[in-house]
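Breakdown of the fold
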Amino acid sequence: MAIEQTFSIIKPDATRRNLTGAINAVFEKAGLRIVAQKRVWMSRAHAKKFYEVHAARPFYSDLVDFMVSGPVVVQVLEGENAVAKNRELMGATNPANAEEGTIRKMFAESIEANSVHGSDSAENAAVEIAYFFAGTEIVG
């Protein structure tokens, strides 16, 4: 098993409801270490750039609006197969389809307000981590 890093965002719906600690507890109980974390309020330009991969999709504008609606917590998680483990912990994008015990099943309000974002590959994790963190901010 490989130790790797992945990127996570605790979204505005979850920070608004003060769920950061509860979500972090899920990560940590599953063996992921939080090696970098900060609370930020993304600007519209920052959110548009971060989600530009979805720019042609019909939900892009709503996604950007949602992500700038309140503060988020951006994180670097580290552990064995961290990308896959985080994806499993998050659950299906649609919380109605998420398995019991997953973050989205426990905390999400809707498909859009689904509490967390996580990288879908190690390559994207590296890009997303670099977008929010300097190397000196990641402390294992």
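An unreviewed UniProt entry lists the protein chain under the name Nucleoside diphosphate kinase, with Neoroseomonas lacus as the source organism. According to UniProt, the comment filed for the protein chain under the heading Subcellular location (unreviewed entry) is "Cytoplasm". Taken verbatim from the UniProt record of the protein chain, the Cofactor (unreviewed entry) comment is "Mg(2+)".

**Description of the UniProt feature "binding site: ATP" (unreviewed entry) in the protein chain**
As annotated by UniProt and renumbered to match this structure, "binding site: ATP" (unreviewed entry) occupies Lys11, Phe59, Arg87, Thr93, Arg104 and Asn114. Here Phe59 shows up in the loop between α3 (44-50) and α4 (60-67). In this structure Phe59 comes out as partly exposed when scored by relative accessible area, which is 38%. Inspection of the secondary structure assignment puts Arg87 in helix α5 (residues 82-90). Beyond its immediate sequence surroundings of up to four residues, Arg87 is in contact with Gly118, Ser119 and Asp120.

**A few points about the side chain of Asn24**
Residue position: Asn24 is located in helix α2 (residues 20-29). You can call Asn24 buried: its relative accessible area is 10%. Within the structure, Asn24 has its side chain in polar contact with the side chain of Gln37 (distance 3.0 Å). Within the structure, Asn24 has its side chain in polar contact with the side chain of Gln75 (distance 2.5 Å).

**As for the sheet that holds strand β2 (residues 33-40)**
As summarised here, the arrangement of the 4 strands in space is β2-β3-β1-β4, forming an open sheet in which the pairing is antiparallel. Pairing within the sheet leaves two strands with one partner each, and these edge strands are β2 and β4 (116-118). Across the sheet, the axes of successive neighbouring strands diverge by a mean angle of 20°, strand direction being ignored. Relative to strand β3 (residues 72-80), β2 is paired through 7 bridges, and the arrangement is antiparallel. Its bridge partner being in β3, Val40 is matched across the sheet by Val72. On the sheet, helix α7 (residues 122-132) packs against β1 (3-10), β2, β3 and β4 and is oriented at approximately 55° with respect to β1.

**Quick word on the pattern of salt bridges**
Counting across every chain of the model gives 7 salt bridges. For Glu78, the salt bridge goes to Arg33, with nearest N and O atoms at 3.9 Å. Here Arg33 lies in strand β2 and Glu78 lies in strand β3, a separation of 45 residues in the sequence. Classification of Glu78 by relative accessible area gives buried; the value is 19%. For Arg33, a relative accessible area of 45% puts it in the partly exposed group.

Reading guide: rules and limits
Numbering of residues starts from 1 in each chain and follows the order in which that chain's sequence is written. Residue-level local features of this predicted model are given only where pLDDT is at least 70; pairs of side-chain atoms are given and counted only at 80 or more, and the full residue set underlies all totals for whole chains, interfaces and linings. Just so you know, side-chain values use all the structure's heavy atoms and leave hydrogens and water out. UniProt positions are given in the numbering used here, feature names are shortened, and annotations may be inferred rather than shown by experiment. Strands are runs of DSSP state E lasting at least 2 residues, helices are runs of H or I lasting at least 4, and numbering of each runs from the N terminus. Type-normalised accessible area, obtained with a 1.4 Å probe on protein chains alone, sets the label of each residue: buried when under 20%, exposed when over 50%, and partly exposed for intermediate values. Contact criterion: two residues are considered in contact whenever any of their non-hydrogen atoms come within 4.5 Å of each other. For this analysis, a polar contact is any N or O atom pair within 3.5 Å, provided that within protein one partner can donate a hydrogen and the other can accept it, and provided that sequence-adjacent residues contribute only side-chain to side-chain pairs. Strand pairing requires that DSSP identify at least two bridges connecting the strands. In this description, a line fitted to the C-alpha atoms serves as the axis of each element, helices being fitted only across the stretch in contact, and the angle between N-to-C directions of two axes falls anywhere from 0 to 180 degrees. By definition, a salt bridge exists where a carboxyl oxygen of Asp or Glu is found within 4 Å of a side-chain nitrogen of Lys or Arg.

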